[in-house]
Amino acid sequence: MGFASSDRSDKPYFVKRLLTRYSDKSPMREACLAFENNRREIYRRINSYTLEGASCPFVCDFFREGSFYHVVTGMIDGFGLVVADVAKCLTLQEKLLLCKTIAYSFYPLERGNIIHGDIKPDNFIIKQKDEHFVVKMVDLESSFLAQDPPESDYLVGTEPYYSPELMDYSLEATAATADALSTKSDIFSLGIVFYEIFAGKSPAEGTGKYTFEVVKSHGSIPWPASFPEELVGLIKSMLDLNPDRRPDIMAVLRALKKIKTETLPVDKVVHSPYVSVTPTTSDHSLVHIYCLQRGAQVYYSLMGGSFVRYEEPFSIKEDDLELRVKVTMGTSSQEFTHKVSASVIRRGKVVRPKIEIAGGRVIMSTKTASAEIRYTTDGTHPTTSSRKYSSPFSVPEGTVIRVKAFKKGMHSSEEVSISSGSKVKIS
């Protein structure tokens, strides 16, 4: 990933290198050409249905240089959606506005019959602008045409947000499971994101299961008392196990607009603002401070200097600088300390582990060198403190094994799972 500029425009651009690599040797060459045509068609549809001001980023270019593919979009300014913080910082009305803005980004995908495949909070970049939000959906490189899904081994989504039909396809890629996939799969994932925005946690938290498993086994999920009745009805419809009964994105938008709320008082508790550092095409980086609390005033100080009012991103050229941020609301005031560096580290991601059942024994591996594979057999999700995989092992038939790989300095892998009675390989 990186940033670039153009001699035809003064706007910065974001360039991402895709994982798929080109090979000139047959039959890989034919597969690569098919991949190129597929990506170009997806980006063409996204661009053709992206309205001015829509939340889906416009794809400026897709090209191959040597053996690597690259996709270029406009520079996206903001920070990844952190649902726990948003749930604390925003009023009910502001959360509804945020959900409407997020939902609007699905319009080009639904019109183009494209499945994003990795809907989760991290893939929405949010920015506060005056009295409203600007949201951009990112990571479109994982998207695919509904009628032409990739092989299950090449799915790169995040399993806790999977729809039941996407999970079925990931476990067993057949004509039947492929035909069941539609843009309604993303609607299920979006329902989970909406729930988390309002509740600050997953609807399956504490169960050791995924959301669709909770809905399937219990018929419902816990609903906080703060949820308006109309919102509960909407999210329930989005999380319907039958995709045909889920609403399309325009129906979701209409339902959000109908939800009426009483005017709530502004939260008087001062929360920590978001601080992000964006590298530029020159030798410095820009520090952005985002405060989502209405009525809050933000001040900052670098390396012990005087506090000044924050009004726009400011430049830094050194590493490990102490940034103090002071947020005031009425008579309340609180300071927060951050470390900021001009040299932004772009951490890679650990490759998703491969699980294989062979001779009654569980075998795990990952292509990321020195990564640790952690697993659970009690239904909980793996963490860095879970049991470490060191050699093949046996478990009773029917045991569900959940696996994740970790490496210091890198983002952890996607979680994968398999039943010990299954013959399916997951990678």
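What counts, and where the lines are drawn
- For every chain, the first residue of the written sequence is number 1, and numbering continues from 1 along that sequence.
- Note on the predicted model: pLDDT of at least 70 is required for a residue's local features to be given, and 80 or more for side-chain atom pairs to be given and counted; whole-chain, interface and lining totals, by contrast, use all residues.
- As a rule here, side-chain values come from all non-hydrogen atoms in the structure, and water together with hydrogens is ignored.
- Here a strand pair is declared whenever DSSP counts at least two bridges between the two strands.
- Segments assigned H or I by DSSP are reported as helices when at least four residues long, segments assigned E as strands when at least two residues long, and all are numbered from the N terminus.
- Note on definitions: angles span 0 to 180 degrees between N-to-C directions of axes, and those axes are lines fitted to C-alpha atoms, for helices only across the stretch in contact.
- Planes of paired rings set the category: under 30 degrees apart is stacked, over 60 is edge-to-face and the rest tilted, where pairs are Phe, Tyr or Trp rings (Trp by its six-membered ring) whose centres lie within 6.5 Å.
- Residue burial is assigned from relative accessible area. The probe radius is 1.4 Å, only protein chains are included, and a residue is buried under 20% of its type maximum, exposed over 50%, and partly exposed in between.
- By definition, being over a ring means that NZ of Lys or CZ of Arg is both within 6 Å of the ring centre and within 35 degrees of the ring normal.
- Any pair of residues with heavy atoms lying within 4.5 Å of one another is described as a contacting pair.
- Helix crossings get a hand from a simple test, with the near helix turned counterclockwise from the far one by less than a right angle marking a left-handed crossing and a clockwise turn marking a right-handed one.
- Polar here means any residue outside two lists: the nonpolar Ala, Val, Leu, Ile, Met, Phe, Trp, Tyr, Cys and Pro, and the charged Asp, Glu, Lys and Arg; Gly therefore counts as polar.
- The predictor reports its confidence for every residue as pLDDT, a score running from 0 up to 100.
- Angle categories are assigned with fixed cut-offs, so that under 35 degrees is roughly parallel, over 145 is roughly antiparallel, 65 to 115 is roughly perpendicular, and the rest are oblique.
- His is not counted here, nor are the chain ends, while Lys and Arg score as positive and Asp and Glu score as negative.
- Here, a salt bridge means any Lys or Arg side-chain nitrogen found within 4 Å of an Asp or Glu carboxyl oxygen.

**Structural notes on the sheet that holds strand 11 (residues 285–290)**
Judged by pairing direction, the sheet is antiparallel, and its 3 strands sit side by side in the order 10-11-14 without closing on themselves. Bordering the open sheet on either side are strand 10 (274–279) and strand 14 (314–316), each of which pairs with just one other strand. Sheet twist, expressed as the mean angle between neighbouring strand axes with direction ignored, is 35 degrees. Bridge count between strand 11 and strand 14: 3 bridges; the pairing is antiparallel. Considered in strand 14, the bridge of V287 is made with F314.

**A short note on the packing of aromatic side chains**
Geometry of an aromatic ring pair is reported as the spacing of the ring centres plus the angle between the planes. Under the defined criterion, the tally for this structure stands at 14 aromatic pairs. Consider the rings of Y310 and F314, whose centres lie 6.4 Å apart with planes at 75 degrees: the pair is edge-to-face. You can call Y310 buried: its relative accessible area is 15%. Between the NZ or CZ atom of R402 and the centre of the ring of Y210, over which it lies, the distance is 4.4 Å.

**A word on the environment of G360**
With respect to the helices and strands, G360 occurs in the loop between strand 17 (354–358) and strand 18 (361–365). With near-sequence residues (within four places) excluded, G360 lies in contact with F393 and S394.

**What to know about unusual backbone geometry**
In this model, N113 sits at a positive phi of 55 degrees, which is unusual for a non-glycine residue. Note on placement: N113 falls in the loop between helix 4 (107–111) and strand 6 (114–115). Using a relative accessible area of 31% as the deciding quantity, one classes N113 as partly exposed. In this model, D139 sits at a positive phi of 60 degrees, which is unusual for a non-glycine residue.

**Points about the packing of helix 7 (residues 184–199) against helix 9 (residues 229–238)**
Viewed as axis vectors pointing N to C, helix 7 and helix 9 meet at an angle of 145 degrees, and their least axial separation amounts to 8 Å. The crossing of helix 7 and helix 9 is left-handed. Only L231, I235 and M238 of helix 9 make contact with helix 7, whose side of the interface consists of I187, F188, L190, G191, F194, Y195 and F198. Split into classes, the residues belonging to the contact of helix 7 with helix 9 amount to 9 nonpolar, 1 polar and no charged.

**Details of the confidence of the model for the chain**
On average, the chain scores 82 in pLDDT, and the residues at 70 or more come to 88%. Ranking the elements of the chain by mean pLDDT puts strand 1 (residues 2–6) last with 51 and helix 7 first with 95. When the criterion is pLDDT under 50, residues 423–427 qualifies, and its contacts beyond four places in sequence or with other chains add up to 16 contacts.

**Looking at the packing of helix 7 against helix 10 (residues 249–258)**
A pair of packed helices is captured by two measures, namely the crossing angle of their axes and the spacing between those axes. Direction vectors running N to C along helix 7 and helix 10 enclose 25 degrees, while the axes themselves pass 11 Å from each other. Taken together, helix 7 and helix 10 sit at an angle that is classed as roughly parallel. Regarding helix 7 and helix 10, the two cross each other, and that crossing is right-handed. Across from I187, L190 and F194 in helix 7, the residues of helix 10 making contact are I249, V252 and L256. Each residue belonging to the contact of helix 7 with helix 10 can be placed in one class, and the counts come to 6 nonpolar, no polar and no charged.

**A word on the environment of D85**
By the element assignment, D85 lies in helix 2 (residues 83–89). Note: C-alpha distance between D85 and G200 (115 residues apart in sequence) is 7.2 Å.

**Thoughts on the side chain of E196**
In this fold, E196 is placed in helix 7. Lacking a salt bridge, the buried E196 has K120 as its closest oppositely charged neighbour, with an N-O distance of 11 Å. Not counting residues within four places of it along the chain, the set of residues in contact with E196 comprises V83, A87, P121, Y161, K201, S202 and P203.

**Some words on the pairing of strand 21 (residues 400–406)**
Counting buried residues along strand 21, 5 of its 7 residues qualify, which places the element largely inside the surrounding structure. Strand direction decides the pairing type here: strand 19 (residues 372–376) and strand 21, joined by 5 bridges, are antiparallel. Counterpart to T376 in the pairing with strand 21 is R402. The pairing of strand 21 with strand 22 (residues 416–419) spans 4 bridges and is antiparallel. Across the sheet, R402 pairs through a bridge with S417, a residue of strand 22.

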